[in-house]
Amino acid sequence: MGLSRLDIHRRNRGEGALVTLDGAIGPATAPLLRAALEQCLRDGVTAIDVDLTTVGSCDARGLDVFLSMARRAGRVHTSLRLHHPCAQITRLLAVTGSALRLLAAPTDPVPPALPRGLWEAPSSGPSADGTRGRTRTRTPEDTARAPVLKDGIRLRRLTRWQTEGVEQDIADLAMASVANTPGAPFHDRGEFLRHLAFSARRPGFALLVAETTVLVGCAYGFPLGPDGSGRRGFDRLLQESIQRLTACARFVVLTQVVAHPHAQRHDIARRLQQRLLADRHTALGVALLHPADQAGHAAFVRWGWQNMGELVGLPGPVAPCLLILPLESPSLAGR
């Protein structure tokens, strides 16, 4: 029997820290976990989020580490919360009565993006704008151009190659947003990152983030229309089907919207979507959801989307539901 392994990665986010674990928590690895959490407290971290997505098991020693560190954190006004536990850890927390103390509170779910199987794989190679490489340093001019919401929340558009530089932070945001939401998509961090990379290769890809000192929201998608985009295969079929239902020939397919549980989370999501439509010079946003995804439908409806029913005639075993979001007005979207 091989020795258990636990990889620990910490990423600071403002005054908080995300501690991502990968492996198993047992007799050999619990001391490593304790040392990492103690270091967070010594560094003055005020919120410790522990991502258990890729942790396969945790024994009583590991649970004792989490409980004792949570008590120590509370004494110095710091929080320690666990996210995305596997079934074994969930049962352990339940039978010991530790879930309420350790698990993060449920949050608004992340609406699902389109299943990868619905889309034809794009060709590989350089992006359409020809830009790939290291993330460009954000300049004061970038900051000045970015619209600001109240409470210091700023909207900023990222290029494909800028997205590569913050993809891990976007994944952090997505994972925090689905914490403790049973059945929500993209509980798998790797799957979320693969989907983001897949979407970023599509022609016309656009991504907006909302941020303070950390990310609090993002939305991304790509345009379809009669002007050269979406003329072949599934894209053409989708464009023609939606045009028949909406009488709109050009629109943006929003494949993902994420809003962190923030006091303005509904306003953040709405502004991100409206701004993305305005930047792409289209008056209509569309999204395709699985008909059984009640959490995703509820989130989109709260954000002002209209459910147009199932979109029949597309390839695949399930007819997705079509949701639309008209652009409110040029003046409002531009604020």
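Scroll up for the structure.
Residues numbered from 1 in each chain as written. Predicted model: local features only at pLDDT ≥ 70, side-chain atom pairs only at ≥ 80, totals over all residues. Heavy atoms only, no water.

Student: How do you make sense of the pairing of strand S9 (residues 284-289) when you look at a structure like this?
Tutor: Look at any regular strand and the pattern is simple: side chains alternate between the two faces of the sheet. When you tally the buried positions in S9, you get six out of six residues, the bulk of the element. Here S9 shows no split at all, with Leu284, Val286 and Leu288 on one side and Gly285, Ala287 and Leu289 on the other all buried. For strand S8 (residues 251-259) and S9, the ladder comprises two bridges, and the chain directions are parallel. Paired with Val252 across the two strands is Gly285, which belongs to S9. Relative to strand S11 (residues 321-326), S9 is paired through six bridges, and the arrangement is antiparallel. Looking at the pairing, Gly285 lines up with Leu325 of S11. (Buried < 20%, exposed > 50% of the residue type's maximum accessible area, 1.4 Å probe, protein only. Helix = DSSP H or I, 4+ residues; strand = E, 2+ residues; numbered from the N terminus. Pairing = 2+ DSSP bridges.)

Student: Is there a simple way to explain the sheet that holds strand S6 (residues 206-211) in this structure?
Tutor: An order of S5-S6-S7-S8-S9-S11-S10 is seen for the seven strands of this open sheet, with the pairing classed as mixed. In the strand order of this sheet, the two ends are held by strand S5 (154-158) and strand S10 (306-310), each with one partner. Neighbouring strand axes in the sheet, compared pairwise and without regard to direction, differ in orientation by 30° on average. The pairing of S6 with strand S7 (residues 215-224) spans six bridges and is classified as antiparallel. Note on S7: the bridge partner recorded for Val209 is Cys218. Along the sheet face, helix H8 (residues 233-246) touches S7, S8, S9, S10 and S11 and points at about 95° away from the line of S8. (Axes fitted to C-alpha atoms, helices over the stretch in contact; angles between N-to-C directions. Contact = heavy atoms within 4.5 Å.)

Student: Looking at this model, I keep getting lost on helix H10 (residues 294-302). Mind explaining?
Tutor: Owing to its 3.6 residues per turn, the α-helix brings residues three or four apart onto one side. Among the residues making up H10, those that are buried are Gly296, His297, Ala299 and Phe300. Taken around the axis of H10, the buried residues stretch over an arc of 165°, which confines them to a single face. Along H10, the residues that are exposed and aim more than 90 degrees away from the buried face are Gln294 and Val301. Lining the buried residues of H10 we find helix H9 (265-279), S9, S10 and S11. Of the residues flanking the end of H10, it is Gly304, one or two places downstream, whose phi is positive at about 95°. (Arc of directions from axis to C-beta.)

Just distances and angles here, no functional claims.
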